[in-house]
Amino acid sequence: MSGLASRFNSFKRTNVILQHLRLSAHTDAAGEVLLERRGCAGVITLNRPKALNALNLSMIRQIYPQLKKWEQDPETFLIIIKGAGEKAFCAGGDIREVVKGDRKISQDFFREEYVLNNAIDSCQKPYVAFIHGITMGGGVGLSVHGLFRVATEKSLFAMPETAIGLFPDVGGGYFLPRLQGRLGYFLALTGFRLKGRDVYRAGIATHFVDSEKLNLLEEDLLSLKSPSKEKIADVLETYHAKSKADEGKAFALEEHLGRINSCFSANTVEQIIENLQRDGSPFALEQLKVIQKMSPTSLKITLRQLTEGSSQSLKDVLTMEYRLSQACVGGHDFPEGVRAVLIDKDQSPKWKPASLAEVTDEAVSSYFRSLGSNDLKL
């Protein structure tokens, strides 16, 4: 039982990772992301290892135009994105920059980040993301919309935004409800962390490769001659088939999938909570404990975001999420969550409203309202 409790008590550990996102290290902007033509590929390296490669606006503004150039370049056959260092691919967006800055920064950051997410999705060249190490929030947006995502035994995936008064953005409303059963709804509301091969088993990654083979894989991809999408897939498949790490381990959520599907298929957060209480298993009660720490407003907008996103295109989801992002920035819970988790680190956010009952349907609907001429245009 104690093993189960520690395995599922991810809330505090996720907060430790979130704290790294406050590291707005003022390094030379040009060095924060490396853009290189190597072999047959364009290679993007997120280069802020001390800040767990957190994504800021200047990095987005360097990556986007280069991605577009490589997409048009007849000599570039694939695009690889990876993180510097061993700890993280990208632990998320540099949200402290967003909350501390003026309103224009928060408008520009979310708009340009979502435009980049969409460009990755529609990229005409095969896009390969090495999601080695911590991959959360904005880091998921830089990878999950690409054609190929390669996890390793060191991969750590989560969408922990409800813990800071936000919602699982960067297209979370699109890819999460499309995971098996109600798994995506569970991941969105609890911020549950998937590790290693489980990132592949959940459908976030398309391939799994032992981390010690990642450099070899990259070299093999770079040395391909005018490769087709199929040829790139063949190389990834070969490495995937030979991978040994975590091979014998069962999917950590395997025994709980039925429970997740039944508890999280409710139409309201209150009903999900009731389902978990009624279930009463150690796993259900652990998730209940985690959910009760989250922003009530975030929980309600997240459930609606995924419900609506389940039948929308990615473009429509990103348009919806941009509206949500601006409402969160102008609201109470997001600045308060960032204060409690990233700035003062007291881990005691004072949510307003403080209970689900106080978050009215009208209040939730206001987050989804059109911004008129300020809406995201894709």
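Cut-off values and rules
Sequence positions are assigned chain by chain, starting from 1 and proceeding in written order. Local features in this predicted model are restricted to residues of pLDDT 70 or higher, and side-chain atom pairs are both shown and tallied only at a pLDDT of 80 or more, whereas totals for entire chains, interfaces and linings draw on every residue. Water and hydrogen atoms were dropped before computing side-chain values, which therefore reflect all heavy atoms in the structure. Each pair of aromatic rings taken from Phe, Tyr and Trp, with Trp reduced to its six-membered ring, is defined by centres within 6.5 Å and is described as stacked if the planes are under 30 degrees apart, edge-to-face if over 60, and tilted in the remaining cases. A run of DSSP states H or I qualifies as a helix once it reaches four residues; a run of E qualifies as a strand once it reaches two. Both are numbered from the N-terminal end. Relative accessible area decides the class of each residue, using a 1.4 Å probe on protein chains only: under 20% of the type maximum gives buried, over 50% gives exposed, and in between gives partly exposed. Whether a charge lies above a ring is judged from NZ of Lys or CZ of Arg, which has to be within 6 Å of the ring centre and within 35 degrees of the ring normal. In what follows, residue pairs with any heavy atoms lying within 4.5 Å of each other are defined as contacts. At least two DSSP bridges between two strands are required for those strands to pair. UniProt positions are given in the numbering used here, feature names are shortened, and annotations may be inferred rather than shown by experiment.

## Comments concerning the packing of aromatic side chains
(1) Moving on: For the structure shown, the criterion picks out six aromatic pairs.
(2) Moving on: Taking 5.4 Å as the distance between ring centres and 80° as the angle between the ring planes, the aromatic pair formed by Phe186 and Phe264 counts as edge-to-face. Taken together, the residues Phe186 in helix α8 (residues 183-190) and Phe264 in the loop between α12 (257-263) and α13 (269-279) connect sequence positions 78 residues apart.
(3) Moving on: Overall, Phe264 belongs to the buried group, its relative accessible area being 1%.
(4) Moving on: Joined through ring pairs, the aromatic side chains of Phe109, Phe110, Tyr114 and Tyr322 make up one cluster.
(5) Moving on: Of note, Arg304 hangs over the ring of Phe368, and the distance from its end group to the ring centre comes to 4.1 Å.

## What to know about the environment of Val140
(1) Moving on: With respect to the helices and strands, the residue Val140 is situated in helix α6 (residues 138-141).
(2) Moving on: Accessibility expressed as a relative area gives 1% for Val140, which makes it buried.
(3) Moving on: Expressed as a C-alpha distance, the spacing of Val140 and Phe110, which sit 30 residues apart in the sequence, is 14 Å.
(4) Moving on: Setting aside residues no more than four positions away along its own chain, Val140 makes contact with Thr135, Phe157, Ala158, Met159 and Phe175.

## Remarks on the sheet that holds strand β4 (residues 88-90)
(1) Moving on: The strand order across the open sheet formed by four strands is β4-β6-β8-β9, and the pairing between neighbours is mixed. The outermost strands of the open sheet, each flanked by one partner alone, are β4 and β9 (194-195).
(2) Moving on: Sheet analysis places strand β6 (residues 134-136) next to strand β8 (residues 156-158), joined by three bridges and oriented parallel. By the bridge assignment, Met136 is partnered in β8 with Ala158.

## What to know about the sheet that holds strand β1 (residues 33-38)
(1) Moving on: Across the sheet, which stays open at both edges, the six strands sit in the order β1-β2-β3-β5-β7-β10 with mixed pairing between neighbours. The sheet is open, and its two borders are formed by β1 and β10 (207-208), each paired with just one other strand.

## Describing the UniProt feature "domain: Enoyl-CoA hydratase/isomerase" (unreviewed entry) in the protein
(1) Moving on: Mapped onto this numbering, the UniProt entry annotates "domain: Enoyl-CoA hydratase/isomerase" (unreviewed entry) at residues 42-368.
(2) Moving on: As annotated, residues 42-368 has a helix share of 50% and a strand share of 10%, and its two end C-alpha atoms lie 37 Å apart.

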